[in-house]
Amino acid sequence: AQSVTQPDIHITVSEGASLELRCNYSYGATPYLFWYVQSPGQGLQLLLKYFSGDTLVQGIKGFEAEFKRSQSSFNLRKPSVHWSDAAEYFCAVVEVQDMRFGAGTRLTVKP
Amino acid sequence: DAGVTQSPTHLIKTRGQQVTLRCSPKSGHDTVSWYQQALGQGPQFIFQYYEEEERQRGNFPDRFSGHQFPNYSSELNVNALLLGDSALYLCASSLGLAGAGTQYFGPGTRLLVL
């Protein structure tokens, strides 16, 4: 079955530390891949997306993600986390017209 | 340029009632998709409207229905509300059926069913 998996439900990092959020998908072909961020009580904001081409994608707010076909992964990274990055992060996949989301990873930032 | 707007922002209903949520797409967009996000979960696709017709549907019962108007705005209707329908309902707009990869999301309507 097609699925998107975010293995980490909750991650805590110190401000200024690096961050990596994991995302794995199971689809037959290479789908379109996305990372969204959601602050409490808010809608979803697109951080970055991958359609094709360069497997390292740059996004807003200093985030980047790398598509690894061999591992069916699309992990999100940031070299130095800011307190304002605390939020829920969702990986999503589009195949044809259907967008499917992972269950999300909640990021807590320690001062 | 207004983004995707949704109304109301919050809503409280009781079991068995019916509810209508509204969405106005981003300027220039003609396709609207609806998602349900239960607490602590990722959004789940309900359905998508294009040219005033439902084009694709997720795994939701017929109690969930929708409509798209000529100005591309959309409504989500839920009948016979259940406690489990309590969630954040997100609307997303895009351009054309193939635009799911460039969706813009609204802030959502939070529905509480008592």
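Scroll up a little and you will see the structure.
Presented here is an overview of the structure given in this document.

What counts, and where the lines are drawn
Residues numbered from 1 in each chain as written. Chains lettered and ligands numbered in written order. Predicted model: local features only at pLDDT ≥ 70, side-chain atom pairs only at ≥ 80, totals over all residues. Heavy atoms only, no water. 1 Å grid on protein atoms, 1.4 Å probe; cavity = no way out; pocket = protein on both sides within 12 Å on 5 of 7 lines; lining within 4 Å. Points joined across faces, edges and corners; volume = space filled by probe spheres on them. Helix = DSSP H or I, 4+ residues; strand = E, 2+ residues; numbered from the N terminus. Salt bridge = Lys/Arg side-chain N within 4 Å of Asp/Glu carboxyl O. Buried < 20%, exposed > 50% of the residue type's maximum accessible area, 1.4 Å probe, protein only. Contact = heavy atoms within 4.5 Å. Buried area = accessible area lost by both parts, 1.4 Å probe. Polar contact = N/O pair within 3.5 Å; in protein donor to acceptor, adjacent residues only side chain to side chain. Nonpolar A, V, L, I, M, F, W, Y, C, P; charged D, E, K, R; others polar.

Overview of the layout of surface pockets
Alright, step 1. Size it by volume and the largest pocket reaches roughly 430 Å³.
Alright, step 2. In terms of lining, the largest pocket is formed by 23 residues, of which the most central are Gln38(A), Glu88(A), Phe90(A), Gln37(B) and Gly40(B).
Alright, step 3. Those elements that place two or more of their residues in the lining of the largest pocket are β10 (87-95) and β12 (105-110) of chain A.
Alright, step 4. Take the lining of the largest pocket: its biggest share by element is three residues, from β10(A).
Alright, step 5. If you add up the space inside the second largest pocket, you get close to 260 Å³.
Alright, step 6. Lining the second largest pocket are 15 residues, and of these Asp98(A), Met99(A), Arg100(A), Gln44(B) and Phe45(B) sit closest to its centre.
Alright, step 7. Among the elements of the structure, β1 (3-5) and β11 (98-101) of chain A together with β5 (44-50) and β6 (53-57) of chain B are those that each provide at least two residues to the lining of the second largest pocket.
Alright, step 8. Looking at the lining of the second largest pocket, the element that brings in the most residues is β11(A), giving four residues.

Things to note about the pattern of salt bridges
Residues and elements named next belong to chain A.
Alright, step 1. Applying the stated criterion to the full structure yields eight salt bridges over all chains.
Alright, step 2. Between Arg77 and Glu64 there is a salt bridge whose closest N-O contact spans 3.2 Å. You can see Arg77 sitting in strand β9 (residues 73-78) and its partner Glu64 sitting in strand β8 (residues 64-68), a full 13 residues away along the chain.
Alright, step 3. We classify Arg77 as partly exposed; its relative accessible area is 23%.
Alright, step 4. Two residues, Asp85 and Lys78, come together in a salt bridge whose shortest N-O distance is 2.8 Å.
Alright, step 5. Here the salt bridges do not stand alone but share partners, grouping Glu64, Glu66 and Arg77 into one network.

Description of the interface of chain B and chain A
Alright, step 1. Contacts between the two partners involve 20 residues from chain B, matched on the other side by 18 residues from chain A.
Alright, step 2. Summed over both partners, the interface of chain B with chain A buries about 1400 Å², with 54% contributed by carbon and sulfur atoms.
Alright, step 3. Applying the counting criterion to the chain B and chain A interface returns zero salt bridges.
Alright, step 4. Counting across the interface, chain B meets chain A through one residue pair in polar contact (both at pLDDT 80 or more).
Alright, step 5. Broken down by secondary-structure element, the contributors of at least two residues to the side of chain B that touches chain A are β4 (31-37), β5 and β9 (87-94) of chain B.
Alright, step 6. Class assignment for the residues of the side of chain B that touches chain A results in nine nonpolar, 10 polar and one charged.

Overview of unusual backbone geometry
Alright, step 1. Pro8(B) follows Ser7(B) through a cis peptide bond whose omega is -10°.
Alright, step 2. Note on placement: Pro8(B) falls in the loop between β1 (5-7) and β2 (10-13).
Alright, step 3. The phi torsion at Lys61(A) lies on the positive side, around 60°, for a residue other than glycine.
Alright, step 4. Overall, Lys61(A) belongs to the partly exposed group, its relative accessible area being 46%.
Alright, step 5. Located in the positive-phi region is Glu51(B), a residue other than glycine, with phi close to 50°.
Alright, step 6. Relative accessible area serves as the criterion here: at 51%, Glu51(B) is assigned to the exposed category.

Honestly, that's just the spatial picture; any functional story needs more than this.
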